[in-house]
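# Observations on the three-dimensional arrangement
The primary structure of each chain is shown beneath.
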Amino acid sequence: MKQAFHTVTVPTKGPGLYEFTDAAQDFVRGKKVDSGLLTCFVRHTSASLVIQENADPDVQKDLQDFFAWLAKSGPRFRHTAEGPDDMPSHIRSALTQTSLGIPVQQGGLALGTWQGIYLFEHRDAPHRREVMLHVMGE
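Summarised in this report is the structure supplied together with it. (Residues numbered from 1 in each chain as written. Predicted model: local features only at pLDDT ≥ 70, side-chain atom pairs only at ≥ 80, totals over all residues. Heavy atoms only, no water.)

### Points about the packing of aromatic side chains
One pass over the structure, following the stated rule, counts 3 aromatic pairs. Between the aromatic rings of phenylalanine 66 and phenylalanine 67, the centroid separation amounts to 5.7 Å while the plane-to-plane angle is 85 degrees, which identifies the pairing as edge-to-face. With a relative accessible area of 10%, phenylalanine 67 lands in the buried category. For the pair phenylalanine 67 and phenylalanine 120, a centre-to-centre distance of 5.4 Å together with 80 degrees between the ring planes defines the contact as edge-to-face. Remark: phenylalanine 120 occurs in strand 7 (residues 115-121) and phenylalanine 67 occurs in helix 2 (residues 57-70); sequence separation between them is 53 residues. Judged on exposure class, the residue phenylalanine 67 and its partner phenylalanine 120 are both buried. Among the aromatic residues, those joined into a ring-pair cluster are Phe66, Phe67, Trp69 and Phe120. (Phe/Tyr/Trp six-rings, centres within 6.5 Å; stacked < 30°, edge-to-face > 60°. Buried < 20%, exposed > 50% of the residue type's maximum accessible area, 1.4 Å probe, protein only. Helix = DSSP H or I, 4+ residues; strand = E, 2+ residues; numbered from the N terminus.)

Next up, the structure:
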């Protein structure tokens, strides 16, 4: 059984979905794992990971709008150490995922036709987010 780690840095420009499917796919192919599992883990508490449609950008915009409506920024939260978007970002992250497992089959990610892997940035300011990739298989 093989296993390997890699960190992908995803620069963000504020709230939104940032696709890194190609970077994950390249990592898996480079490690020559034919079948196994890729785990993606975001190392932040105010960003998350999602597998989402990558064909229609309106899906990503609608998701962002919904989460902005659901967890609005503002002074009503106690935790505002990093600004009014701090606690809403933690709520959005808690409602999504910090880790994803994706099967590896025939040397590639077994994603559906319209699926992509995204970092979901919840903060207003630009950041450089780290996503740890771990592939395990044969």
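Past the structure itself, the notes keep going.
### Structural notes on the environment of valine 28
Within the secondary structure, valine 28 sits in helix 1 (residues 21-30). Considering only alpha carbons, one finds valine 28 and methionine 136, 108 residues apart in sequence, at a separation of 9.3 Å. Sequence-distant contacts of valine 28, defined by excluding residues within four places in its chain, comprise Val33, Leu38, Val104, Gly107, Leu109 and Val135. (Contact = heavy atoms within 4.5 Å.)

### Regarding the nonpolar core
Among the nonpolar cores identified, the biggest contains 23 residues, and Phe20, Leu38, Cys40, Val131 and Leu133 are the most heavily contacted of them. Those elements that provide at least two residues to this core are strand 1 (2-11), helix 1, strand 3 (36-42), strand 4 (47-53), strand 5 (99-105), strand 7 and strand 8 (128-137). Apart from the residues within four sequence positions on either side, phenylalanine 20 is in contact with Val8, Val10, Cys40, Leu49, Ile117, Tyr118, Leu119, Val131 and Leu133. Residues Leu17, Phe67, Tyr118 and Phe120 belong to the second largest nonpolar core, which totals 5 residues. (Core = buried A, V, L, I, M, F, W, Y, C linked by side-chain atoms within 4.5 Å.)

### Comments concerning the sheet that holds strand 3
Reading across the sheet, the 5 strands line up as 1-8-3-5-6 and stay open at both edges, with antiparallel pairing between neighbours. Each end of this open sheet is capped by a strand with a single partner; those strands are strand 1 and strand 6 (108-109). Note: strand 3 against strand 5, 6 bridges, orientation antiparallel. In the strand pairing of strand 5, threonine 39 is matched with glycine 101. Of the strands in this sheet, strand 1, strand 3, strand 5, strand 6 and strand 8 touch helix 1, which is tilted by about 35 degrees from strand 8. (Pairing = 2+ DSSP bridges. Axes fitted to C-alpha atoms, helices over the stretch in contact; angles between N-to-C directions.)

### Some thoughts on a negative patch on the surface
A contiguous patch of negative charge on the surface is contributed by Asp56, Asp58, Asp62 and Asp65. Looking at the element boundaries, aspartate 58 is found in helix 2. Of the residues examined, aspartate 58 reaches a relative accessible area of 42% and is grouped as partly exposed. (Patch = residues over 30% accessible without salt bridge, like charges linked within 9 Å, V, L, I, M, F, W, Y side chains within 5 Å. Areas by Shrake-Rupley, 256 points an atom, 1.4 Å probe, with all protein chains shown as cover. Salt bridge = Lys/Arg side-chain N within 4 Å of Asp/Glu carboxyl O. Lys, Arg positive; Asp, Glu negative; His and termini not counted. Charge placed at Lys NZ, Arg CZ, Asp CG, Glu CD.)

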